[in-house]
Amino acid sequence: MALSAALLAVIPLIFSTPSSAATARPKAPKASCRIEIGNAHLSTHLREARGFNAVKVNAVSICNVPQSNVKLTVQIYKVGLFRDYLISEKYTNPLRPTSSGLRVENQGTFKRCTSNRKSSFYGVAFAEATIAGQKFAAPPARSLRIVPLDCGT
Amino acid sequence: MNNEVENSLTPEELEEERTYFQLIYDLEVKNHSRYETQAELLMKNGEFSITINNSLLLYTLEDGGCSFRVSTDGGFDYCKLGWSSLGRRKHEKLKRLMEEFAESEARTILNR
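Residues numbered from 1 in each chain as written. Chains lettered and ligands numbered in written order. Predicted model: local features only at pLDDT ≥ 70, side-chain atom pairs only at ≥ 80, totals over all residues.

**Remarks on the overall build of chain A**
- For chain A, the count of helices and strands is one helix and nine strands.
- Counting across all 153 residues of chain A, residues that qualify as buried make up 44%. (Helix = DSSP H or I, 4+ residues; strand = E, 2+ residues; numbered from the N terminus. Buried ≥ 20, exposed ≤ 12 C-beta atoms within 10 Å, placed from the backbone.)

Here it is, written out as structure tokens:
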């Protein structure tokens, strides 16, 4: 999936794997990881298959070294008058085979629209993963834009 | 508004997504009556569990929404997979819970 750079908030994370200066072992490669999160959008697939709209946010955790047991969380927020409201959050299952590898995706976070009332939405994504035997946490990445959609929830 | 992200999915990912949403729809139609009963039990007791495809699915009412957890070892360890807001009115809650049941069962069946 080649997500358009213009639509993404990208949080780069540089992880250094443990190494010892006293030993002559070759240096372990430096892990470079990031979370990419798209803007909130109306899912055309849901509309085609089901005949109703849903607001959806996709995210992906990308590393240059294998990551495992990735728990990639995607949250959808609706903008309110005094505060923003969390309306849905979904996590990848860290135990599933699809939660390991160089890319781990969360494409299952959506919330159905109950009306056509215009509302504004954005997504937040963060992750926990095991890289080279160590646990890491990636800080939250937010969608680049707050998007108004014809979707009351 | 902006479908660029969705449109950038590979054909395989698009097919997976269609399969997932279609299964949710099929489950909702097929299990409408069961989901209605489950939703009423969940609203009454605050918790409901069911075994689907050898996985134990646990639903709890939390923070004005419904959380969904899954266990593959008979209930010793649970992994939280989602939370969704439910709305204020009873009929809204019932409808949202029925949608949550279909979505969580589809995830379990497709191993997502």
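Let's pick the thread back up.
**Some details on the overall build of chain B**
- Scanning chain B from terminus to terminus reveals four helices and four strands.
- Reading the secondary structure of chain B in the N-to-C direction produces α-α-α-β-β-β-β-α.
- Across its three principal directions, the C-alpha atoms of chain B cover 45 × 35 × 30 Å.
- When burial is assessed residue by residue, chain B has 32% of its 112 residues classed as buried.
- At a minimum sequence separation of 6, the contacts of chain B that also span at least 24 residues come to 38%. (Contact = placed C-beta atoms within 7 Å.)

**A few points about unusual backbone geometry**
- Phi is positive for Asn 69 of chain A, which is not a glycine, with a value near 50°.
- Here Asn 69 of chain A is to be found in strand β4 (residues 54-78).
- In this structure, Asp 63 of chain B takes a positive phi of about 50° despite not being glycine.
- Secondary-structure assignment places Asp 63 of chain B in the loop between β2 (55-62) and β3 (65-71).
- Given 10 C-beta atoms within a 10 Å radius, Asp 63 of chain B is considered exposed.

**Focus: the nonpolar core**
Residues and elements named next belong to chain A.
- Membership of the largest hydrophobic core comes to 54 residues, with the highest contact counts inside it found for Ile 35, Ala 40, Val 55, Ala 59, Leu 72, Phe 121 and Ala 125.
- Here the element with the most residues in this core is β4; it accounts for eleven residues.
- Among residues more than four places away in sequence, those in contact with Ala 59 are Ile 35, Glu 36, Ile 37, Gly 38, Leu 72, Val 74, Asn 106, Gly 123 and Ala 125. (Core = buried A, V, L, I, M, F, W, Y, C linked by C-beta atoms within 7 Å.)

**A closer look at the confidence of the model for chain A**
Residue and element names in this part refer to chain A.
- Of all residues in chain A, 80% attain a pLDDT of 70 or more, and the chain-wide mean is 83.
- The weakest mean pLDDT in chain A belongs to strand β1 (residues 9-15) at 50; the strongest belongs to strand β5 (residues 85-91) at 97.
- Predicted confidence for residues 1-8 stays below pLDDT 50, and this span has 26 contacts to residues more than four positions away or in other chains.
- Here residues 14-23 is modelled with pLDDT under 50, and outside its nearest four sequence neighbours on either side it reaches twelve contacts, counting other chains as well. (pLDDT = per-residue confidence, 0-100.)

**What to know about the packing of helix α2 (residues 11-30) of chain B against helix α4 (residues 90-109) of chain B**
Residues and elements named next belong to chain B.
- Close contact between α2 and α4 brings their axes to 9 Å; oriented N to C, the two are set at 125°. Regarding the angle of α2 to α4, the classification is oblique. Viewed along their axes, α2 and α4 form a crossing whose handedness is right-handed. Counting all contacts with α2, which are made through Tyr 20, Leu 23, Ile 24, Leu 27 and Glu 28, the residues of α4 involved are Met 98, Ala 102, Glu 103, Glu 105, Ala 106 and Ile 109.
- Here the residues of the contact of α2 with α4 sort into eight nonpolar, no polar and three charged. (Axes fitted to C-alpha atoms, helices over the stretch in contact; angles between N-to-C directions. Parallel < 35°, antiparallel > 145°, perpendicular 65-115°, else oblique. Left-handed = near helix turned anticlockwise from the far one by under 90°. Nonpolar A, V, L, I, M, F, W, Y, C, P; charged D, E, K, R; others polar.)

**Description of the environment of Asp 150 of chain A**
All names here are of chain A.
- Considering the arrangement of structural elements, one finds Asp 150 in strand β9 (residues 147-152).
- Here Asp 150 falls in the partly exposed class, since 14 other C-beta atoms lie within 10 Å of it.
- Remark: the alpha-carbon pair of Asp 150 and Val 104, spanning 46 residues in sequence, is separated by 30 Å.
- Beyond its immediate stretch of four places on either side in the chain, Asp 150 contacts Asn 116 and Lys 118.

**Some remarks on the environment of Val 79 of chain A**
All names here are of chain A.
- Inspection of the secondary structure assignment puts Val 79 in the loop between β4 and β5.
- We classify Val 79 as partly exposed; it has 14 C-beta atoms within 10 Å.
- Once residues within four sequence positions are removed from consideration, Val 79 is found in contact with Asp 84, Ser 120 and Ile 146.

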